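# A closer look at the structure
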Amino acid sequence: MTKLSYSGVKHGAPDVELTIMVDIQNDWFEVTHTKEVSQVMNKSTGEYIIVKRNTLKVEAG
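Heads up: these notes are all about the structure in this document.

The rules we used
- Residues numbered from 1 in each chain as written.
- Predicted model: local features only at pLDDT ≥ 70, side-chain atom pairs only at ≥ 80, totals over all residues.
- Heavy atoms only, no water.
- Pairing = 2+ DSSP bridges.
- Helix = DSSP H or I, 4+ residues; strand = E, 2+ residues; numbered from the N terminus.
- Axes fitted to C-alpha atoms, helices over the stretch in contact; angles between N-to-C directions.
- Buried < 20%, exposed > 50% of the residue type's maximum accessible area, 1.4 Å probe, protein only.
- Contact = heavy atoms within 4.5 Å.

Spatial ordering of the open sheet is given by β3-β4-β5, a layout of three strands whose pairing is antiparallel. Every other strand in the sheet has two partners, leaving β3 (29–33) and β5 (47–52) as the edge strands with one partner each. For this sheet, the mean inter-axis angle between neighbouring strands, taken without regard to orientation, is 10°. Taken together, the five bridges between β3 and strand β4 (residues 37–42) define a ladder with antiparallel strand orientation. Paired with Thr32 across the two strands is Gln39, which belongs to β4.

Given below as structure tokens:
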């Protein structure tokens, strides 16, 4: 169980769901929150998602 999947509804697009995978053993990642949005960034790959704050979900697997 080294991978996390973050997902949520894209900020500004109510019908679009975004997903990002991070490997907690090999990737450097950051999760930040503001009043309206959450951002998950995989700093090892440069990928990121910005979603509505109350829709951010994480699954381990």
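Mapped onto the elements, Phe29 comes out in strand β3. According to the relative accessible area criterion, Phe29 is partly exposed, its value standing at 25%. Spatially, the C-alpha atom of Phe29 lies 9.3 Å from that of Tyr48, the residues being 19 residues apart in sequence. Leave out the neighbours within four places in its chain, and Phe29 touches Leu4, Tyr6, Val22, Ile24, Met41, Asn42 and Lys43.

To continue, consider the side chain of Ser5. Along the chain, the position of Ser5 falls in strand β1 (residues 3–9). The buried category is assigned to Ser5, whose relative accessible area is 18%.

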